[in-house]
Amino acid sequence: MTFSDTQTKLLKAKLKRRHVKTRDVNGETLSYVEGWHAIAEANRIFGFGHWDRQTLPAHCHWTLNQSGQTICFYSTKVRISVRAGEGLTVREGLGTGWGRSPQPEVAHEMAIKSAETDATKRALATFGNAFGLALYDRRQSQVTRLRTAGGRTRPEPELVVTSLDGKETLFSDPEAFTSEVLRQADELTSIDELYAFWASNAGALKTLNRDFHDSERTERIINTLKDRARQIARETPPGKEVSDRLSAISNEPSTSSYLLPKAKRIRDRAHLAFVATQPCLICGRQPTQAHHLRFAQRHGLGHKVSDEFTVSLCVTHHDQLHRYGDERAFWTSHGVPQPLQHAAKLWKLSHHPGETKGVEFDPDTEQEFNEPTLRRHSQQTDKQ
């Protein structure tokens, strides 16, 4: 037998319902597992260093320009190799994807990436239910159902958004629920309204964190409500009663079972967008993506590190890093032993641009210099 008993058990186990996502396609509801989840399951079951993914050259089937946008369609094949004991198991999957963007290079990149993710999931699905094989059965008999203590089945938990007028909207998709909460939060105009909205939906946030195991979206919602509370407080200075309510919202202790972790994690969408405009830290290519340096803070289940610890990586190197395993070793092998200093520089550039004039990094030591120091460094180099 190639796989261990534990691995075989995990591969044969039912797919947990909470990992199944749905979307409407041509009037039909399509069930699927997300690409990141399939890769995470492969790491969990096979081990980080015991499986490989090889993407064969992608093929562009067609491309066209429509209303100022480039639209293209790609297909590619992914080969998954798993090492277990002395055996090697190889599976392949064919995937497709399309991209649309005003920038041709972005459209093609999106299509290739989508095709690669689709092919990866199809290849991994051949190993078992954990990777989505159970979804090919229309009855989904190998997908779990939540059960009560008495063993009776009950419906999946639903997320309810309660508006200020008492209207309730049900969601089964955490992302749709999050979008609606953020939309309604943006329309709140007073601390009283925000406090009432918080009180009405606190239970739903607990359900999101407890039953859907989605602490990242829970954190995102709470941070947005806090920011909205502070914004309203700045626009309308509150009295004592309202101030007490603001304090209850914006300074909620982190000891709650479903609120923020103790480690402070800053969320700044504008900074992430700025980082994504910078060239790749390794090869200098663009477009890039903002990568969070995972070793910058202590690990928290479902929590990315603070947005201030991000650097720019192209899609190729971003994907390589996530499959490398040891992130510090990855940076060292690519000649960037101290990426945190680059993250600090990007944070200064986006938040304190006036303080970064003349600030550069030495290519060898990655030390930060001000203008006088740069002149001394230049003089020493000339003497040498």
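Note that the coordinates shown come from a computational prediction; the quantities given were computed from them, not determined experimentally.

1. Examining the nonpolar core
Ranked by size, the top nonpolar core spans 21 residues in total, and within it Phe-177 and Ile-221 carry the most contacts. Of all the secondary-structure elements, those providing two or more residues to this core are strand 7 (159-162), helix 4 (174-186), helix 5 (191-210) and helix 6 (215-235). Here this core takes 7 residues from helix 5, the largest share from any one element. Excluding anything up to four places from it in sequence, Phe-177 contacts Leu-159, Val-160, Val-161, Phe-171, Ala-204, Leu-205, Leu-208 and Ile-221. Core analysis: the next-biggest nonpolar cluster, separate from the first, contains 17 residues, Ala-42, Trp-51, Val-82 and Ala-84 among them.

2. Digging into the pairing of strand 7
Direction of pairing for strand 7 relative to strand 8 (residues 168-171): antiparallel, over a ladder of 4 bridges. Bridged to Leu-159 within strand 8 is Phe-171. In this antiparallel pair of consecutive strands, strand 7 and strand 8, the connection spans 5 residues, and Gly-166 shows a positive phi of 90°.

3. Considerations on the pairing of strand 5 (residues 69-84)
Sheet topology note: the strand 3 (residues 51-55)/strand 5 ladder contains 5 bridges and is antiparallel. What sits directly across from Asp-52, in strand 5, is Ser-81. Alignment of strand 4 (residues 59-66) against strand 5, held across 7 bridges, turns out to be antiparallel. Bridge pairing links Thr-63 to Cys-72 in strand 5. With antiparallel pairing between neighbouring strands as the criterion, strand 4 and strand 5 make up a hairpin whose turn holds 2 residues, including Ser-67 at a positive phi of roughly 55°.

4. Structural notes on the confidence of the model for the protein chain
Considering every residue of the protein chain, the mean pLDDT works out to 79; 79% of them sit at 70 or more. Counting interchain partners and residues more than four positions distant, the pLDDT-below-50 stretch residues 238-243 has 4 contacts. Every residue in residues 356-384 is under pLDDT 50, and counting partners more than four places away or in other chains gives 35 contacts.

5. Let's talk about the packing of aromatic side chains
By convention here, two paired aromatic rings are described through the distance between centres and the angle between planes. Per the stated rule, a full pass over the model turns up 6 aromatic pairs. With a centroid separation of 5.8 Å and 25° between ring planes, the pair formed by Phe-46 and Phe-131 is classed as stacked. Of this pair, Phe-46 sits in helix 2 (residues 35-46) while Phe-131 sits in the loop between helix 3 (104-125) and strand 7, and the two are 85 residues apart along the sequence. With relative accessibility at 3%, the residue Phe-46 sits in the buried group. Assessed through its relative accessible area of 1%, Phe-131 is described here as buried. Cluster of aromatic residues (ring-pair linked, three or more members): Phe-3, Phe-46, Phe-127 and Phe-131. Across from the ring centre of Phe-127, 4.6 Å away, lies the NZ or CZ of Arg-91, which sits over that ring.

6. Remarks on the environment of Val-90
Here Val-90 is to be found in strand 6 (residues 87-101). Sequence separation between Val-90 and Ala-123 is 33 residues, and the spatial gap between their C-alpha atoms is 9.2 Å. If we ignore the near neighbours within four places in the chain, the residues touching Val-90 are Arg-79, Ile-80 and Ser-81.

7. A few points about the pattern of salt bridges
This model, assessed by the stated rule, comprises 16 salt bridges. In this structure, Arg-267 and Glu-219 form a salt bridge, with 3.9 Å as the shortest nitrogen-oxygen distance. Of this pair, Arg-267 sits in the loop between helix 7 (240-250) and helix 8 (269-275) while Glu-219 sits in helix 6, placing them 48 residues apart in sequence. Overlapping salt bridges, with partners in common, bring together Arg-53, Glu-116 and Asp-319 in one network.

8. Quick word on the side chain of Glu-116
Position of Glu-116 among the secondary structure elements: in helix 3. For Glu-116, a relative accessible area of 17% gives the class buried. Apart from residues lying up to four places away in sequence, Glu-116 is in contact with Arg-53, Thr-55, Thr-76, Val-78 and Asp-319.

9. Things to note about the environment of Ala-123
Within the secondary structure, Ala-123 sits in helix 3. The class of Ala-123 is buried, set by a relative accessible area of 0%. Between the C-alpha atoms of Ala-123 and Arg-53, which are 70 residues apart in sequence, the distance is 9.7 Å. The contacts of Ala-123, once residues within four sequence positions are left out, are Val-78, Ile-80, Arg-91, Glu-92 and Gly-93.

10. Concerning the packing of helix 4 against helix 6
Relative orientation of the contacting elements helix 4 and helix 6 amounts to 0°, with a least axis distance of 10 Å. Here helix 4 lies roughly parallel to helix 6, going by the angle between them. Mapping the contact onto sequence places Pro-174, Glu-175, Phe-177, Thr-178, Val-181, Leu-182, Ala-185 and Asp-186 in helix 4 and Arg-217, Arg-220, Ile-221, Thr-224, Leu-225 and Arg-228 in helix 6.

Calculation rules
Residues numbered from 1 in each chain as written. Predicted model: local features only at pLDDT ≥ 70, side-chain atom pairs only at ≥ 80, totals over all residues. Heavy atoms only, no water. Core = buried A, V, L, I, M, F, W, Y, C linked by side-chain atoms within 4.5 Å. Buried < 20%, exposed > 50% of the residue type's maximum accessible area, 1.4 Å probe, protein only. Helix = DSSP H or I, 4+ residues; strand = E, 2+ residues; numbered from the N terminus. Contact = heavy atoms within 4.5 Å. Pairing = 2+ DSSP bridges. pLDDT = per-residue confidence, 0-100. Phe/Tyr/Trp six-rings, centres within 6.5 Å; stacked < 30°, edge-to-face > 60°. Lys NZ or Arg CZ within 6 Å of the ring centre and 35° of its normal. Salt bridge = Lys/Arg side-chain N within 4 Å of Asp/Glu carboxyl O. Axes fitted to C-alpha atoms, helices over the stretch in contact; angles between N-to-C directions. Parallel < 35°, antiparallel > 145°, perpendicular 65-115°, else oblique.

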